[in-house]
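# Summary of the model geometry
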Amino acid sequence: RPTPRMLKGLDALVFDVQDAGVRFYTYITTMGYAMEAAARQGIPFYVLDRPNPINASVVQGPVLEADLKSFTGYFPLALRHGMTVGELARMFNEEKRIGVKLKVVAMAGYRRSAWFDETGLPWKNPSPNLRSLTQAILYPGVALVEGSNVSVGRGTGMPFELLGAPWVKAQELTDYLNGRKIPGVEFQPAAFMPDGHRFRGRVCYGVRVLLTDRQILDSAALGIEIISALYRLYPRDFEVKKTLPLIGSRSVLQALQEGRDPKEIPLLWQDSLSRFRQLRSKYLLYPE
C-alpha cells in the first residue's frame, strides 16, 4: 500500500500495469489498495487501461465469498472475471465506496472478445512466471492448487504447463485426467525439478497440461478436476484444505472433500456467478 509519505506532494497516482484476468492475480489488489490510499490523500487516480489477455468476454468459476478476502482476493469476483483493469477500478470505486477521483483512460478499438494475440500488441511477460499466452490461459485453472503442497512448475521453464509433486505417480495421474475427457486440454506424464519455489531441487512427478482448444476450455472446471484427481488418488498426501483461499468457496471445497463428481461441482457456483455477471454489466466499457 502506498503510504501518506509516498504520496505527499503528488498531483495524481497513475496505474499502468498489465493484469492477467484472474481473481487471485494480485496486481488488482494492489490497484485497490492504491485507490484507497489516493482517496485518503485526496489525490486523483488514473488507470491507463489494458487488454484482458485471456479475453474480457468469458466469465467463469466460483465467486469469492466475502469473508475470504485477502491479498489474493480483494473483491468478490468470479475466478475468471472477464474485465479490464479500468472496468475493475470503476467497480471497486463504486461498490467498495472508495470515493477516489477516478479517471479511466480507455483503449481505442478494443473488443472484449479479443485474446491478447488478436490485439496486435507484442506480448511482454506481466510477471516472471507468465511467459506466454498459453500459460496465462492455463493459469486460472492450474494455479488453483498452488496454495497446497503441489508444484505448478514455478522454477522451471514451463510454469502452469506443469503440475506435480514428489508423491505423485505421473502415469497414474495422466491416465486419470485424460480419462476425464476435460474439454480443451490433454495431459502427458512429466518429471521435473524446480530450481526455485516449492520442491526446489527435488524431482516432481505429474503431468504436462497441453492446451488443445482455448475457446472451449473452462479453466475453473479444469482446476476443480485437478484438485479432485489429486484428492482421490493421493488423499493422505494432498493438502486439499489449503486450496480454499484460491477456490474462494467453502461449498466447492466441501463438495470436493465429499468426493462429488467434478462435472457436477460447477452447478454450485452458477447462482453467484449469475449475480456477479449482473453486477459486472454496470461497469463494462467495451463492445464484444
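A short tour of the structure in this document, coming up. (Residues numbered from 1 in each chain as written. Predicted model: local features only at pLDDT ≥ 70, side-chain atom pairs only at ≥ 80, totals over all residues. Heavy atoms only, no water.)

A tally of regular secondary structure across the protein gives nine helices and eight strands. Along the first, second and third principal axes, the C-alpha set of the protein runs to 60 × 40 × 35 Å. For the protein, the proportion of its 288 residues judged to be buried stands at 54%. Per element, the accessible surface of the protein, about 12800 Å² overall, is 50% carbon and sulfur. (Helix = DSSP H or I, 4+ residues; strand = E, 2+ residues; numbered from the N terminus. Buried < 20%, exposed > 50% of the residue type's maximum accessible area, 1.4 Å probe, protein only. Areas by Shrake-Rupley, 256 points an atom, 1.4 Å probe, with all protein chains shown as cover.)

To continue, consider the sheet that holds strand β7 (residues 185-192). Sheet architecture is open: three strands sit in the order β6-β8-β7, paired in antiparallel fashion. Among the strands making up the open sheet, the edge pair consists of β6 (162-165) and β7. Neighbour-to-neighbour, the strand axes of the sheet open up by a mean angle of 25°, direction not taken into account. Note: β6 against strand β8 (residues 204-211), four bridges, orientation antiparallel. Paired with Leu162 across the two strands is Arg208, which belongs to β8. On the sheet, helix α4 (residues 133-142) packs against β6, β7 and β8 and is oriented at approximately 120° with respect to β8. (Pairing = 2+ DSSP bridges. Axes fitted to C-alpha atoms, helices over the stretch in contact; angles between N-to-C directions. Contact = heavy atoms within 4.5 Å.)

Moving on to the nonpolar core. With 90 residues, the main nonpolar core has Met31, Phe45, Phe92, Val142, Val145, Leu222 and Leu230 as its most contacted residues. Setting aside its immediate chain neighbours within four residues, Phe45 contacts Leu13, Phe15, Met31, Ala34, Met35, Ala38, Val100, Lys101, Leu102 and Lys103. (Core = buried A, V, L, I, M, F, W, Y, C linked by side-chain atoms within 4.5 Å.)

Turning our attention to unusual backbone geometry. We note that Phe160 has phi near 70°; this positive angle belongs to a residue other than glycine. Take Phe160: it is sitting in the loop between α4 and β6. We note that His197 has phi near 60°; this positive angle belongs to a residue other than glycine. Position of His197 relative to the elements: it lies in the loop between β7 and β8. Exposure remark for His197: the relative accessible area of 52% places this residue in the exposed category.

This part is about the environment of Leu79. Mapped onto the elements of the fold, Leu79 is located in strand β4 (residues 78-80). Sequence separation between Leu79 and Ile247 is 168 residues; the distance between their C-alpha atoms is 7.7 Å. Those residues within four positions of Leu79 in sequence are excluded, and the remaining contacts are Gly21, Val22, Arg23, Phe24, Gln60, Gly61, Pro62, Pro140, Leu144, Ala220 and Leu246.

Here we take up the sheet that holds strand β2 (residues 45-48). Hydrogen bonding along the main chain pairs the strands of a sheet, whether they run parallel or antiparallel. Here we have three strands laid out as an open sheet, ordered β1-β2-β5, and parallel in their pairing. The sheet terminates laterally at β1 (13-15) and β5 (102-105), the two strands that pair on one side only. Ignoring which end each strand starts from, the neighbouring axes of this sheet average 20° apart. With three bridges joining them, β1 and β2 adopt parallel strand pairing.

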